[in-house]
Amino acid sequence: QQKVQQSPESLTVSEGAMASLNCTFSDRSSDNFRWYRQHSGKGLEVLVSIFSDGEKEEGSFTAHLNRASLHVFLHIREPQPSDSALYLCAVSIRSGGSNAKLTFGKGTKLSVKS
Amino acid sequence: AQTIHQWPVAEIKAVGSPLSLGCTIKGKSSPNLYWYWQATGGTLQQLFYSITVGQVESVVQLNLSASRPKDDQFILSTEKLLLSHSGFYLCAWSLPGGSETLYFGSGTRLTVL
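Residues numbered from 1 in each chain as written. Chains lettered and ligands numbered in written order. Predicted model: local features only at pLDDT ≥ 70, side-chain atom pairs only at ≥ 80, totals over all residues. Heavy atoms only, no water.

Caption draft 1: Region of interest: the pairing of strand E6 (residues 55-58) of chain B. All names here are of chain B. Where strand E5 (residues 44-52) meets E6, three bridges bridge the pair, whose relative direction is antiparallel. The partner of Phe 48 across the bridge, within E6, is Ser 58. Taking the residues between adjacent antiparallel strands as the criterion, E5 and E6 are bridged by two residues, where Gly 54 takes a positive phi near 80 degrees. (Pairing = 2+ DSSP bridges. Helix = DSSP H or I, 4+ residues; strand = E, 2+ residues; numbered from the N terminus.)

Shown next as structure tokens:
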């Protein structure tokens, strides 16, 4: 069964400093990775999707995937206080089936201080 | 543009009482629909998914049921709530297929006392 772990549990950075979040997964067949964020008490907002090794940039968010090491990273460039939220890593396998079943990590709580 | 609306925003219910949570998706025909649940301090886990009207698949058994009475509507319900049902319920939609992005609603906070 897929296990997804995120680190650190919480992270505080100053406004404008790079924030780096880590996600590890256990199933080597995984090939579908997404980063979401959740502001307190709200729904999830998709930030970036990545399907092959390397980097994928969406605005100030860059995902970096290394499937051999079972890691996917999220880097947030010049974060603002409004970026303070819970960041969730979601992993799945593109099996061709009809269920987009995501396995989520517990999240990293990011606080950006001005 | 697609919109997803969940109701209610929050519920406080007694153990043993019934529950009905709803979700409506506008602007997308025949989407896949999902229910996810997040216990306090826990991880999000998928409960149900549906690829078409009238068809719902259960992923995790939590003494809950789901129905899709219309193409754009997904309902989560139970006749008897348990304390363990407390948490945050999220509805999501995606394009058909197993590898599409899930787009989530704003959720319902359920507290069972």
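Next comes the rest of the description.
Caption draft 2: Representation of the sheet that holds strand E8 (residues 71-76) of chain A in the model. Residues and elements named next belong to chain A. Here we have five strands laid out as an open sheet, ordered E1-E3-E8-E7-E6, and antiparallel in their pairing. The sheet is open, and its two borders are formed by strand E1 (4-7) and strand E6 (54-58), each paired with just one other strand. Ignoring strand direction, the axes of neighbouring strands in this sheet form an average angle of 20 degrees. As paired strands, strand E7 (residues 61-66) and E8 are joined by six bridges and run antiparallel to one another. In the sheet register, His 64 faces E8, and the bridge partner there is Phe 73. (Axes fitted to C-alpha atoms, helices over the stretch in contact; angles between N-to-C directions.)

Caption draft 3: Looking closely at the state of the cysteines. Enumeration according to the criterion identifies two disulfides over all chains in this entry. Each disulfide pairs two cysteine sulfurs, and for Cys 23 of chain A the partner residue is Cys 89 of chain A, the sulfurs being separated by 2.1 Å. Here Cys 23 of chain A and Cys 89 of chain A share a disulfide; its torsion about the S-S bond, -70 degrees, makes the bridge left-handed. With Cys 23 of chain A in strand E3 (residues 19-25) and Cys 89 of chain A in strand E9 (residues 85-92), this residue pair connects regions lying 66 residues apart in the sequence. The same class applies to Cys 23 of chain A and to Cys 89 of chain A, which are both buried. The disulfide partner of Cys 23 of chain B is Cys 91 of chain B, and the gap between their sulfur atoms is 1.9 Å. What sets the handedness of the Cys 23 of chain B and Cys 91 of chain B disulfide is the S-S torsion sign, and at about -75 degrees it is left-handed. (Disulfide = S-S within 2.5 Å. Buried < 20%, exposed > 50% of the residue type's maximum accessible area, 1.4 Å probe, protein only.)

Caption draft 4: Fine view of the packing of aromatic side chains. All chains considered together, the criterion is met by nine aromatic pairs over all chains. Their ring planes at 50 degrees and their centres at 4.8 Å tell us that Phe 25 of chain A and Phe 33 of chain A sit as a pair that is tilted. Here the two residues Phe 25 of chain A and Phe 33 of chain A agree in accessibility, since each one is buried. For the ring pair Trp 35 of chain B and Phe 74 of chain B, a centre distance of 6.0 Å and an interplane angle of 25 degrees mean the geometry is stacked. Of this pair, Trp 35 of chain B sits in strand E4 (residues 32-38) while Phe 74 of chain B sits in strand E8 (residues 73-78), placing them 39 residues apart in sequence. The exposure class of Trp 35 of chain B is buried, given its relative accessible area of 0%. (Phe/Tyr/Trp six-rings, centres within 6.5 Å; stacked < 30°, edge-to-face > 60°.)

Caption draft 5: Fine view of the nonpolar core. Leu 21, Trp 35, Val 72, Leu 74, Ile 76, Tyr 87 and Leu 110 of chain A are the most contacted members of the largest nonpolar core, which has 25 residues in total. Contributions of two or more residues to this core are made by strand E2 (10-14), E3, strand E4 (32-38), strand E5 (44-50), E7, E8, E9 and strand E11 (108-113) of chain A. Residues within four places of Leu 74 of chain A in sequence aside, it is in contact with Ala 19, Ser 20, Leu 21, Trp 35, Leu 47, Val 48, Phe 61, Thr 62, Ala 63 and Tyr 87 of chain A. Ranked by size, the runner-up nonpolar core spans 20 residues in total, among them Leu 21, Cys 23, Leu 110 and Val 112 of chain B. (Core = buried A, V, L, I, M, F, W, Y, C linked by side-chain atoms within 4.5 Å. Contact = heavy atoms within 4.5 Å.)

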